[in-house]
Amino acid sequence: MNAGFIFADMKDDHILISGLFRAEFSKMVAVISRQFGLQHIEAAEDIVSDTFLLATKNWSEKGIPENPTAWLYKVAKQKTLYQFKRKAIFDKKVIPAITSSINNTIQELDLDFSLKNIKDSQLQMLFAVCNPAIASEAQIGLALRILCGFGIEEIADAFLSNKETINKRLFRAKEKLRTEKIKMELPPENEMSYRLDNVLHIIYLLFNEGYYSKTSNQTLQKNLCLEAMRLALMLIEFEATNLPKTNAVMAIMCFHASRFDARQSAQDSVVLYEQQNEALWDTELVNKGLHFLNLAEMGSEISSYHIEARIAYWHCIKEDTSEKWENILQLYNQLLFVNYSPIVALNRTYALYKANGREEALIEAEKLKLENNHFYFMLLGELYKDYDNKKAILNFEKACALAKTDTEKQAIRNKINSFN
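The rules we used
Residues numbered from 1 in each chain as written. Predicted model: local features only at pLDDT ≥ 70, side-chain atom pairs only at ≥ 80, totals over all residues. Heavy atoms only, no water. Helix = DSSP H or I, 4+ residues; strand = E, 2+ residues; numbered from the N terminus. Buried < 20%, exposed > 50% of the residue type's maximum accessible area, 1.4 Å probe, protein only. Contact = heavy atoms within 4.5 Å. Areas by Shrake-Rupley, 256 points an atom, 1.4 Å probe, with all protein chains shown as cover. Phe/Tyr/Trp six-rings, centres within 6.5 Å; stacked < 30°, edge-to-face > 60°. Disulfide = S-S within 2.5 Å. Expected span 1.5 Å × (residues − 1). Lys, Arg positive; Asp, Glu negative; His and termini not counted. Salt bridge = Lys/Arg side-chain N within 4 Å of Asp/Glu carboxyl O.

### Describing the overall build of the chain
A count of helical and extended segments in the chain gives 20 helices and 0 strands. The buried share of the chain, taken over its 420 residues, is 49%. Residue pairs at least 24 apart in sequence account for 66% of intrachain contacts in the chain once pairs closer than 6 positions are excluded. As displayed, the chain offers around 21,100 Å² of accessible surface, 50% of which is attributable to carbon and sulfur atoms.

In structure tokens form, the structure reads like this:
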């Protein structure tokens, strides 16, 4: 499967060095870390960063080389070998760990930047970063930095945090890699499914960080989603991780991403599902989602991802029909049984409203009592709208008070103003 369909819409006017950094940073760090061990991951990051700094200076003076990627790999090799020789790590620690039977020298060892070794290294890095020994939030941060090549400022923006906090979080995560002696290797066959569950969980969280992002930077939001899809595709391209649940996660992301451009207006306000312009939906991504959903259903396992993928598929059909909402309602019933959460219960209540009407939905909604969730009060506002407008306004006002971003607050205020 070619990853081109994911990145087709990313062609823009970014300067070459920025695009190369995003594309090559994670590859180079993964290859260096695989060669010398995760205990030297920070050194690997520094080497790659220095390589790009040199490229910026050199290319501005002498022009862009005929093969920029090959130039980067060559310089990274030189800097890597010099770095480990200079610090005397190579002779004293690395060589004995690599081999005890071959008398290698610093000049003879070469970094392998072949396509196969890059893919293998990135896949191993993905499992290392998503090790359960590391806190979930830190895993996402590491994935953004090490696997996706995001800068610290970008990660801080994504988490609505600051550079100092993100640096501390990443430092603690890297300490875990060292203290837990986590290796860059694929888990054994008997652990693969369990470890894959955690990797898929982190990829899906990464996608959600972009899709439901609180940052106003739409480019950053979209890039987060695209990177999550790229990581999932990496797993699909590897036989041992190309399992039905992997394809189910990919299907979910394709279906959701197909509506990305329709979810925000030109004024950066949120466009709710029912008001979205269907012409802005990406039909190619919808079709890709169906492709991965069909692959997901070839196995006997039915995970929560399978159910979510089917729900996401039905949302790619804009027309309201009884069949659509009855199917969505039944799928939410299954999802609650497999993986209960208050948010799933909330979404199920909206499907109940669309399928069976306001009265049933109001009874179920009042039972949820999600007093600290602004989506809950938005749902109540919708349910009471044109039925008891005073209660509708009251609930929208509660939602506005709880909303975390100016964009969300403005969208709710617009609803309140519509009653006047």
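Next comes the rest of the write-up.
### A closer look at the packing of aromatic side chains
On inspection of all chains with the given rule, the structure shows 16 aromatic pairs. Relative to Phe52, the ring of Phe21 has its centre 4.9 Å away and its plane inclined at 70°; by these criteria the two rings are edge-to-face. With Phe21 in helix H2 (residues 16-36) and Phe52 in helix H3 (residues 41-62), the pair connects residues that are 31 residues apart, well separated along the chain. Neither residue differs from the other here; Phe21 and Phe52 are each classed as buried. Residues Tyr384 and Tyr387 carry aromatic rings whose centres are separated by 6.4 Å and whose planes lie at 25° to one another, so their mutual orientation is stacked.

### Here's the deal with the state of the cysteines
The tally for this structure, following the rule as stated, stands at 0 disulfides. Free cysteine Cys254: the closest other cysteine sulfur is in Cys316, separated by 9.7 Å.

### Topic: H2
With 21 residues, H2 should reach 30 Å at 1.5 Å per residue; the first-to-last C-alpha distance of 29 Å fits that figure. In the stretch just after H2, Gly37 is the one whose phi turns positive, near 105°.

### Notes on the side chain of Arg259
Note that Arg259 resides in the loop between helix H12 (244-257) and helix H13 (283-296). At 10 Å, Glu278 is the nearest oppositely charged side chain to Arg259, a buried residue that forms no salt bridge. Contact partners of Arg259, with chain neighbours within four places excluded, come to Tyr211, Tyr273, Gln276, Trp281, Ala312, His315 and Cys316.

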